[in-house]
Amino acid sequence: MKIAVGAETDPSEPRVAATPETVKKMIGLGAEVAVEPGAGVKSGILDADYTAAGATVGKGAASGADIVLTVRRPSPAELNGVKPGALVIAIMDPYGNEAALKALADARVTAFAMELMPRITRAQSMDVLSSQANLAGYRAVIDASAEYGRAFPMMMTAAGTVPAARVFIMGVGVAGLQAIATARRLGAVVTATDVRPATKEQVESLGAKFLAVEDEEFKNAQTAGGYAKEMSKEYQAKQAALVAEHIKKQDVVITTALIPGRPAPRLVSAEMVKSMRPGSVLVDLAVERGGNVEGVQAGKVTEVGGVKIVGYTNVPGRLAASASGLYAKNLLTFLEILIDKKEKKLTVNWDDEIVRATALTRDGLVVHPNFMPKSA
Ligand code: NAI
């Protein structure tokens, strides 16, 4: 059984799908591991580190592999080197990318999308959305503090008092919770909002203040899967009015609001940005899905009337070594359910809910119910 670790071809992707630690574990599962040269460099892992862990490093690592691990979905050109029937496991970005899914099916690989991992206890250690969002939430606060021309904590000095920064977190999922915790650790006064009622207690338990329109719709705004629902126009208007008043007094706003499979909700209007005082900073973690902040530009820090809007993409990649470490562990625990340790071979159990939830293509077809071609 051969497992290949790809080198990412997108120059904006510094993460890698395996670490020396996970290579050793994969060898322990009975695999031989082949790594593409330079795969880990941007995450601080040298080819020699992989070799020392027992892998071989060489061009064309994916050739003849039974399993191919990457961070991003491999391009059709990369799939050329992969044998039919091989498992290809990555963050596949399947929504709205029908042509790319067809290319995976046409290459006759069995593709798994790590971001479709069900949110059940058994799959928690395989949950790439959580592992990466946690780091993004942390990094958003660090990026905000770097752009902010003042200190975060209150400081009483002989030369006078520096007030604590007021930080407002919008969207309290995994990223938002870590942003709250990080901003609190830096000494900021933190408030947060979300549409899911369960978040109120979580926000308060982290020492921040919760702010939201708590009407009947709010009480039912969580799906069985734990995600947010899209809110009605009426609710959005009420929420916007509340937020508009609050945002005027904030120094830093970090937005993380997402609804699975939908564009990001627009939470901060240009008017609201204008109402903030010069020197304030907004960080929009939802920029890759259209953004929560009006005027945010992907990959850029822009300035509107002295207010900075930070729109970095691939924020987990800004902590590449940490992000790779966690992602590689997510992949390893997923592999452990696909490999029979005793027999040292692949045994995919197609009745396992984790397998069914993440499988995108198989035997030349798109098999995931959410992404099957309409005409089929
Ligand atoms: P997400 O990335 O899909 O969304 C981020 C946050 O934005 C969510 O809290 C959502 O409620 C919020 N949001 C959406 N629309 C909004 C609006 N209009 N205004 C304000 N906020 C808005 O969420 P994430 O981080 O993936 O977490 C979703 C849930 O899944 C959480 O409850 C989390 O604790 C849970 N979870 C469960 C796991 C498990 O059981 N294995 C693992 C990880 C997360």
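Residues numbered from 1 in each chain as written. Predicted model: local features only at pLDDT ≥ 70, side-chain atom pairs only at ≥ 80, totals over all residues. Heavy atoms only, no water.

Caption draft 1: Summary view of the site of the ligand. Not every one of the 22 residues close to the ligand is listed here, only the nearest: Arg119, Ser130, Val174, Asp194 and Arg196. The separation between an oxygen atom of the ligand and a polar side-chain atom of Arg119 is 2.6 Å. The backbone of Leu258 places a nitrogen or oxygen atom 3.3 Å from an oxygen atom of the ligand. For the ligand, whose free accessible area comes to 850 Å², the fraction covered by protein is 85%. Of the residues belonging to the shell around the ligand, the class tally is 11 nonpolar, seven polar and four charged. (Near = heavy atom within 4 Å. Polar contact = N/O pair within 3.5 Å; in protein donor to acceptor, adjacent residues only side chain to side chain. Areas by Shrake-Rupley, 256 points an atom, 1.4 Å probe, with all protein chains shown as cover. Nonpolar A, V, L, I, M, F, W, Y, C, P; charged D, E, K, R; others polar.)

Caption draft 2: Region of interest: the layout of surface pockets. When its volume is computed, the second largest pocket comes out at roughly 230 Å³. Forming the boundary of the second largest pocket are 16 residues, of which Gly6, Ala7, Glu36, Ala62 and Glu78 lie nearest the centre. Mapped onto the lining of the second largest pocket, the elements with two or more residues apiece are strand 1 (2-5) and strand 4 (67-72). Residue classes in the lining of the second largest pocket are distributed as eight nonpolar, six polar and two charged. (1 Å grid on protein atoms, 1.4 Å probe; cavity = no way out; pocket = protein on both sides within 12 Å on 5 of 7 lines; lining within 4 Å. Points joined across faces, edges and corners; volume = space filled by probe spheres on them. Helix = DSSP H or I, 4+ residues; strand = E, 2+ residues; numbered from the N terminus.)

Caption draft 3: Representation of the pattern of salt bridges within the structure. Counted under the stated rule, the structure contains 19 salt bridges. Notably, a salt bridge pairs Arg119 with Asp127, separated by 3.0 Å at the nearest N-O pair. On the basis of relative accessibility, which here comes to 39%, the residue Arg119 falls in the partly exposed class. Judged by relative accessible area, which is 7%, Asp127 ranks as buried. One salt bridge in this structure joins Arg139 and Asp143, with 3.1 Å as the shortest N-O distance. In this pair, Arg139 and Asp143 both sit in helix 5 (residues 128-147), four residues apart, roughly one turn of the helix. As far as the burial class goes, Arg139 and Asp143 line up, both buried. Each of Asp10, Glu13, Arg15 and Arg72 takes part in salt bridges that share partners, so that together they form one network. (Salt bridge = Lys/Arg side-chain N within 4 Å of Asp/Glu carboxyl O. Buried < 20%, exposed > 50% of the residue type's maximum accessible area, 1.4 Å probe, protein only.)

Caption draft 4: How the structure looks around the sheet that holds strand 15 (residues 307-310). Spatially, seven strands are ordered 11-10-9-12-13-15-14 in an open sheet, and the strand pairing comes out mixed. At either margin of the open sheet sits one strand with a lone partner, and together these are strand 11 (209-210) and strand 14 (301-304). As paired strands, strand 10 (residues 189-193) and strand 11 are joined by two bridges and run parallel to one another. Looking at the pairing, Thr191 lines up with Lys209 of strand 11. Docked against the sheet, helix 9 (residues 233-247) engages strand 9 (166-170), strand 10 and strand 12 (252-255), running at close to 160 degrees with respect to strand 9. (Pairing = 2+ DSSP bridges. Contact = heavy atoms within 4.5 Å. Axes fitted to C-alpha atoms, helices over the stretch in contact; angles between N-to-C directions.)

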